[in-house]
Amino acid sequence: METAVRAGTTGGGRGVLEGAFALLEALRQHGDEAGVTELAVACGLPKSTAHRLLEQLVALQAVERRGLRYRLGAQLYRLGQAWQPHPGLRAAGRLPLHRLRAATGGSVLLSVLREDRALTVCSVPGRVEPLVPVRDGGAFALDTALGKALRGPVRGGAVLDREEVVAGVCCAALPVRSPSGTVVGAVAAMVEAGQRLEVVAGRVAEASAAVTRALVRSGIEVRP
């Protein structure tokens, strides 16, 4: 097995890098600590190979080990934070999102269109967190309000979701435009059912406009 790893395969025909990234993805999807056996099964790797790759990732600080369980490491987090689909967009969204969270109490996020998904680049969890967790790097389908806003609403105004995706959760979403007017992202607020969604939509519109103003001040022309 050691020979196979040195030769660039994990023993099952899969490349070492592919196996390592499969383990990292399995840890990401797990969301918490996981053991070697469950990770090996999730990735279709021999247990011995999974253990060897995990220990190599621990040495690189991409993975952390606690006893017999593993989780994503600090180095991987630092590398991930350096990646941005549109430089300047995440920074432009931070303050408007925190204000939107304070105004609505909901979980709020700024997302971009990436590989047919709404990829979250900035988020602030709110009261609906147990029902719909939001995380930077998380993705939503394009048939959600957020996804529809990213593709550009047919009519003017916010795209509204009245418990159509998750019972007990409503959503209002609007596109974010670059200084030139191009849609480069979307802002959404997910709130508990029973709130006046039109009022939430107004707050989302304010946040979207604030992100655009921040982009103008930064002088960065974000490309779709």
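Here the structure is a predicted model, which means the values were calculated and not measured. (Residues numbered from 1 in each chain as written. Predicted model: local features only at pLDDT ≥ 70, side-chain atom pairs only at ≥ 80, totals over all residues. Heavy atoms only, no water.)

**What about the nonpolar core?**
1) Next: Membership of the largest hydrophobic core comes to 27 residues, with the highest contact counts inside it found for Leu97, Leu100, Leu110, Val187 and Val204.
2) Next: Taken together, the elements giving at least two residues each to this core come down to α6 (89-104), β4 (107-114), β5 (117-124), β8 (169-177), β9 (183-192) and α8 (197-218).
3) Next: Looking at this core element by element, the count peaks at 8 residues for α8.
4) Next: In this structure valine 204 touches Leu100, Ala172, Ala173, Leu174, Val187 and Ala189, once residues within four positions along its chain are discounted.
5) Next: Ranked by size, the runner-up nonpolar core spans 20 residues in total, among them Ala26, Leu27, Cys43 and Leu45. (Core = buried A, V, L, I, M, F, W, Y, C linked by side-chain atoms within 4.5 Å. Buried < 20%, exposed > 50% of the residue type's maximum accessible area, 1.4 Å probe, protein only. Helix = DSSP H or I, 4+ residues; strand = E, 2+ residues; numbered from the N terminus. Contact = heavy atoms within 4.5 Å.)

**Side note on the sheet that holds β8**
1) Next: With antiparallel pairing, the 6 strands of this open sheet are ordered in space as β6-β5-β4-β9-β8-β7. At either margin of the open sheet sits one strand with a lone partner, and together these are β6 (139-140) and β7 (159-162).
2) Next: Summarising the sheet, β8 and β9 pair through 9 bridges and their orientation is antiparallel. Residue leucine 174 lies in a different strand from β9, and its bridge partner there is valine 187.
3) Next: With respect to the sheet, α8 is in contact with β7, β8 and β9, its orientation differing from that of β8 by roughly 25°. (Pairing = 2+ DSSP bridges. Axes fitted to C-alpha atoms, helices over the stretch in contact; angles between N-to-C directions.)

**Some words on the sheet that holds strand β3 (residues 69-72)**
1) Next: A sheet is described by the order of its strands in space; here 3 strands give the open sequence β1-β3-β2, paired in antiparallel fashion. Only two strands of the sheet have a single neighbouring strand rather than two, namely β1 (34-35) and β2 (63-66).
2) Next: Both β1 and β3 contribute to a ladder of 2 bridges, which runs antiparallel. What sits directly across from glycine 35, in β3, is arginine 69.

**Observations regarding the environment of glycine 156**
1) Next: Mapped onto the elements of the fold, glycine 156 is located in the loop between α7 (145-151) and β7.
2) Next: Glycine 156 sits 18 residues away from leucine 174 along the chain, and the two C-alpha atoms are 9.6 Å apart.

**Remarks on helix α2 (residues 16-30)**
Because the α-helix completes a turn every 3.6 residues, residues three or four places apart line up on one side.
1) Next: Taking 1.5 Å per residue as the helical rise, α2 with its 15 residues ought to reach 21 Å, and the 21 Å between its terminal C-alpha atoms agrees with that figure.
2) Next: Among the residues making up α2, those that are buried are Val16, Gly19, Ala20, Ala22, Leu23, Leu24, Ala26 and Leu27.
3) Next: Backbone geometry just downstream of α2 places glycine 31 in the positive-phi region, at approximately 80°. (Expected span 1.5 Å × (residues − 1).)

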